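Chain residues, written in single-letter form:
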Amino acid sequence: MKPLPANAFLCLVAPVMLGGQVVPRETLALVEQHCLDCHDEDVRKGDLDLSIPDSKLADGKARDLWAKVFDRVDKGEMPPPGKAKGFGEGERKRLVQGLWEPLWVSDRKDVLENGRGPVRRLTREEFEDNLRDLLLLPNLDIRDKLPADRESHGFTKISGMLDVSRVQLAGWLDAAETALREALATGVEPLPVQKMRFTGTDLFQGLTTFGGREAMFFARENVMVPDPTEVLKTLSPEERRVGALEAAIFRSATWPYFGYPRGFRAKYGGEYKVRFEARAVRQVPDFRLVPAYEPQAISFRARQPSGPDVSGDVRETGGWMDLLPEPKVFNTTILLKAGETFEYSLLGLPVPFIRTDSGFYYDFPPMPPEGHRGAAIRWLEIEGPVRPESWPPPSHKVLFGDLPLCPPPKGSQFPVGVVSKDPEGDSVRLFKAFASRMAREDVPEGSLEVFTKMILGKLQAGEPLVDTLVHGYQAFLCSGHVVYLKEPRGDGGMDLASRLSFLLWNSTPDAQLRKLAQPGESLKGETLAREIARLVADEKFERFVQNFTGQWLELKQLRRDTPDGRLYPEYRKDDYLVDSMEKETHAFFSEMVRGNLPVTTLVDAGFTYVNDRLARHYDLPRKEGSGMRKVKLPGWSPYGGLLTQASILKLTANGTTTSPVLRGVWVMEKILGELPPAPPTTVPAIEPDIRGATTIRSQLAKHTEVESCANCHKRFDPVGFALENFDVMGSWRDRYRGLDLGEKITGYDPAGHPYAYFVGHAVEPSGKLMDGREFKDIRELKKLLASNPRKLAKNFLHQLALYATGTRVRISDRPVIESILDQCEPDGYRVADLLHALVQSPVFLGVQPQ
Amino acid sequence: MNVPRLSILPHSRKRFLRGLGAALALPSLELFSRETTPKKRMLLVSNNLGVLPWPFFPKESGRDYTPSPYLKPLQDFRDQFTVFSGLSHPAVSGGHSTENCFLTAAKDPTGSGFRNTISLDQYAIEKLGQSTRFPTLNLGVNIDKANRSLSWTRDGSLLPAEDKPSTLFSKMFVQGNAREKEQRLLKLANRESLLDALGEDLSRFQIQLGKRDKEKLDQYFTSIRELEGQLLSAGEWEVKPKPSTQSVPPADILDRAKFFEKFELMLRMAELAFESDSTRIVTLMVDGFATPVFEVGGGEKSLNGYHNLSHHGQSKAKIAQLEKVDLRQMALLRDHFQRLSDSKLLDDTMVLYGSNLGDANVHNCTNLPILLAGGRFQHGQHLAYNGNRNTPLANLFVSMLQKLGVEADRFSSGEGTLDGFA
């Protein structure tokens, strides 16, 4: 990254302040002459009427409209080539120049007067992460108490869209109360610990489960035991304790299944320690067990013990563990709510499926030559809730400092009280400490008084200390001091520190960042750069990876559609694959930032992250285990770069069919930063033909015979065509599948169901970009896209700026963005460089109001 | 806006709750008459084992459909209900586990990471605000209260159903325990003082802000004011004497085998709630799954528990019995419509009857049996949607929300109103 002179951004700013804020007459005359044929009040092409344009750019609406005119003309898209006679490059230059200065001046003036954007309230994810960190409750689960935030193109952090409503406020109050109750000690003494050990038939809720013997049985010395209850009777207590039987499981944990230990139910919510001995096995004919060839991943699912049917939440917990062919003891911690139990969840195994062709039963797939993959569990222990290292727990001390615990006084709504010699003094002291911790800055004395007055009033009315303070805390957590993020003003203070930590941690600044934001310190230059690097290196940076990819790439839509069971039977209930896809993209994007990789890795890279399942999906050499590992991609692999990751290819398809239009539009908008106009409402969307009679390409060819359709489609269709080589789950294909026509393919899906589909027309992935460059397939397209890194970098900055500041890149920000790009160009637009430069620019730092 | 916005509520009313909390010397209070339009109501019923599909769905669609065997008993009300086919909740599969999603449409209830979402009744009352003593009532027949409910909060918590008519009756008509009432009022007063502090603090907070920020904060002030209004309304209900009724307190039926008697009693409780305007939104889960061997009628007992019976496996004897069971439910509905009609409530009461299962025999969750009466829709038809394309049932919910007066253009998987139904 090129070093930047200290006044670099000022140079961009100074000279233009002299200009006016109206579109000059000469420019208007050009518009009248060359634009009005199509854009007058009668024709209104593209719903644009320039006949009586508002030329006063102080008005935000007029400014937006003229900015659009500016962009289309500047890019050479308008007037349409060949349509406007006498509109040469000279006219284009004059029109663009005439518009730019007043646009810039008026937008700049607005920023200086009113700030770049309004205050922004926290999103629901931020509200939760913020309280997790501040109250020292890493498992706090309150986001769903808040209504979903409105979003635009996937982004929820947009200031203008983050409204406050009655429902929102009630949600905040509710969420804050829940968080405070959880932070409070549960009693004078810690909760009693439940401890259980399961062996033999107690390892499983039943002696069999859905899917029959093939799906689950008990084994002794590697052989299935037809009547385990009888066998148990013959065993000595010691033999039982050690575990003479193994529970062998060969199916996934999905409905209907109740694979949880017998008789366990968490009395209290919290973390529980689980220890168990298990191994990876294969089931071979006659229900015998032999060691597995490969590790088998296991996890747990927290759920209500509600029989085979599910009621309430289902949560994967405890992480992924790889069972090995040799028995091994595993330790993990799982999170349970009161009343819940947990079931064994073997990843990537078959799902029994209902059959009604001869009676009613659950079938299991035929045995593959190497046998059924599975796991054998010998014993399992659970202990919890895990006690905090000290009592009361750290979260309680955030609320009540070192005041000793006592039983709750009469009339208290809480399970514990605190002893205070000076309730009024203590409550004011504690409240002030709490408020300054939560508010990220000094709370004005007058504001503090509003709350302490309420607290003291209640104390005097005889309410217990815990009740009054919790009540006061609850109010404060919903107050403007906590829920709003203010626009920094270029002075390196707490508003900047907050913007930075909410960008990279989705949460409040920690003690060090706070300290650097104090008056007298300077959160800029080198110091700021060190802080950015520190935040990126921290584990809380995962929240950025998750939220930013979730919003920008819309990765949060990954599970929106499930693959059609008729066309894609091999993916039935393959949650393991979908989860692995998500992990790949997270790991890859994280590496882009932490490894400061060039922005072109978005479209092309020589590596990715895979585990056993994903390696299989990508036709790569076998990998063992569920953990994601960085692998070098062979030259023939089409999978390098974020663009062709399975997650992206899945979320841009609908589970049944792929559409070059949808995928092309996604690439334009998310990767290249060109938002295509919304599709006209009068033209129905193309329905891909799932019989197999025709290809989407020939359907689109017909559609784009109409010139007005072709004008837009040629922007995005070609890119989409190159991606047609990937099916709805991102697997490579050379030919399309259909339900009726082509070559018949049959087999058994993971649920044991016979299937038949047809393979037909060949995929035609070649195309031509708007600029005339041609490509034959995705590999060539990637090279073309990667050859314009500035475009990729510019889009990345725009997306990041919106996410980071809650406001789109404004007209007056554009020179700043260009200067960042210049600065990052010599090193090939590396991602961390772009991040650093954006944070160090006035777009992020804010400007002093005038 | 520099002026605190809380002055809209008159001072005396604003302090009203606090006064109540402290003193409880209650003046008899005239409720503010807030409504001029007719009161809109909604009863949402689901039997979690559904009905046999072929005798339920009419063969023809449109206005001139020939009544199916199950719809014959309802013909007196032909113009007051619509029967739907081809509706389902997209991506809601997993057999019986879908029962808790009937009014939420939350996807994939058996998948890892599932969490239920807000149900139609809770969503509606959240938008409408409380104007009756009970925002909603959630009822059940033979229900496994710990695991099943039609009513769920936004964060996926089960709101337990009430299955005792006697409890419902005393909730509605018997004056409560003074101490409990005092505690509830105290809670309201607490919240009122909390909102007061938030408003006052916010006025101070916004002084530091710019013009655009202040505009943004106006939403917050409005929200405080609206929540205060709701508290006030809740407080008024606490002090207002409960209505009197001519009805005799019902005796609870404890025998789960008396399934139909229990079902009928719950329908009557819903009617009572509407007539006394105790609430305008009622949900009722008929838990067939938790119903053991039961009395089918005329001394006949079901061959199995209801669940096993529903997996008839094409057994003629079981199917014959299921037809009887289903028809008796239709008769219950018919009588319910009649009583609502007699008390002039049917026009403004939407009664939804349906199930999360399209065909319980094979755990199918598509082509759900759905019937909607009342509510001043253009009824009298069989609206047949293409089941292959999974028309979201939640579109019908959006239509219902709008009839209820909720400004909503989407709900859960429903991204608009139901085409062709107005």
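Overview of the structure. (Residues numbered from 1 in each chain as written. Chains lettered and ligands numbered in written order. Predicted model: local features only at pLDDT ≥ 70, side-chain atom pairs only at ≥ 80, totals over all residues.)

1. Here's the deal with the overall build of chain B
A tally of helices and strands in chain B yields 11 helices and 11 strands. For 422 residues, the compact-globule estimate of 2.2 N^0.38 gives 22 Å, and the C-alpha radius of gyration of chain B, at 23 Å, lies within 12% of that figure. The principal-axis extents of the C-alpha atoms in chain B amount to approximately 75 × 50 × 40 Å. Per-residue burial for chain B yields a buried fraction of 50% across its 422 residues. Contacts in chain B between residues far apart in sequence, at least 24 positions, make up 69% of those at least 6 positions apart. (Helix = DSSP H or I, 4+ residues; strand = E, 2+ residues; numbered from the N terminus. Rg over C-alpha atoms; globule rule 2.2 N^0.38 Å. Buried ≥ 20, exposed ≤ 12 C-beta atoms within 10 Å, placed from the backbone. Contact = placed C-beta atoms within 7 Å.)

2. Side note on the nonpolar core
Counting 211 residues, the largest nonpolar core has Ala179(A), Ala375(A), Leu834(A) and Leu838(A) as its most contacted members. Dropping the residues within four chain positions of it, Ala179(A) is found in contact with Leu131(A), Leu135(A), Leu137(A), Leu140(A) and Ile142(A). With 91 residues, the next largest nonpolar core counts Ala373(B), Leu383(B), Ala394(B) and Phe411(B) among its residues. (Core = buried A, V, L, I, M, F, W, Y, C linked by C-beta atoms within 7 Å.)

3. Some thoughts on the packing of helix 25 (residues 789–805) of chain A against helix 27 (residues 831–839) of chain A
Residue and element names in this part refer to chain A. Here helix 25 crosses helix 27 at 50 degrees, and the two axes come no closer than 10 Å. In this view, helix 25 runs oblique relative to helix 27, as classed from their interaxial angle. Crossing of helix 25 against helix 27: the hand is right-handed. Here Ala-793, Phe-796, Leu-797, Leu-800, Ala-801 and Ala-804 of helix 25 come into contact with helix 27, specifically with Leu-834, Leu-835 and Leu-838. Residues of the contact of helix 25 with helix 27, tallied by class, amount to 9 nonpolar, no polar and no charged. (Axes fitted to C-alpha atoms, helices over the stretch in contact; angles between N-to-C directions. Parallel < 35°, antiparallel > 145°, perpendicular 65-115°, else oblique. Left-handed = near helix turned anticlockwise from the far one by under 90°. Nonpolar A, V, L, I, M, F, W, Y, C, P; charged D, E, K, R; others polar.)

4. Points about unusual backbone geometry
That bond from Met78(A) to Pro79(A) is cis: its omega, -15 degrees, falls within 30 degrees of zero. Along the chain, Pro79(A) turns up in the loop between helix 3 (60–74) and helix 4 (89–114). Between Gly384(A) and Pro385(A) the backbone carries a cis peptide bond, its omega angle lying at 0 degrees. When you line up the elements, Pro385(A) lands in the loop between strand 14 (372–384) and helix 9 (394–400). The phi torsion at Leu136(A) lies on the positive side, around 60 degrees, for a residue other than glycine. With a phi angle near 60 degrees, Arg376(B) is a residue other than glycine that sits in the positive phi range. Within the secondary structure, Arg376(B) sits in the loop between strand 9 (370–373) and strand 10 (382–384).

5. Structural notes on the sheet that holds strand 1 (residues 41–47) of chain B
Residues and elements named next belong to chain B. Spatial ordering of the open sheet is given by 4-5-1-8-9-2-10, a layout of 7 strands whose pairing is mixed. Bordering the open sheet on either side are strand 4 (137–141) and strand 10, each of which pairs with just one other strand. Strand after strand, the sheet turns through a mean of 15 degrees between neighbouring axes, direction not considered. Relative to strand 5 (residues 281–286), strand 1 runs parallel, the two sharing 6 bridges. Bridge pairing in strand 5 links Ser-46 to Met-285. Helix 4 (residues 120–128) rests against strand 1 and strand 5 of the sheet, and its axis sits at about 170 degrees to strand 5. (Pairing = 2+ DSSP bridges.)

6. Some words on the pairing of strand 4 of chain B
All names here are of chain B. In terms of burial, strand 4 is largely enclosed, as 5 of its 5 residues are buried. Residues Leu-137, Leu-139 and Val-141 of strand 4 are buried on one face, and the alternating residues Asn-138 and Gly-140, pointing to the opposite face, are buried as well. As judged from the 5 bridges shared by strand 4 and strand 5, these two strands associate in the parallel manner. Bridge pairing in strand 5 links Val-141 to Val-286.

7. Observations regarding the sheet that holds strand 9 (residues 315–323) of chain A
Backbone-to-backbone hydrogen bonds pair the strands of a sheet. The strands run either parallel or antiparallel. Residues and elements named next belong to chain A. Read from one edge of the open sheet, 3 strands run 9-8-11, paired in antiparallel fashion. The strands lining the two open edges of the sheet, one partner per strand, are strand 9 and strand 11 (341–346). Here the strands of the sheet are splayed against their neighbours by 20 degrees on average, with no regard to which way each runs. As judged from the 6 bridges shared by strand 8 (residues 296–303) and strand 11, these two strands associate in the antiparallel manner. Each residue of the ladder has a partner; that of Phe-300, found in strand 11, is Tyr-344.

All quantities given are derived from atomic positions and should not be read as evidence of function.
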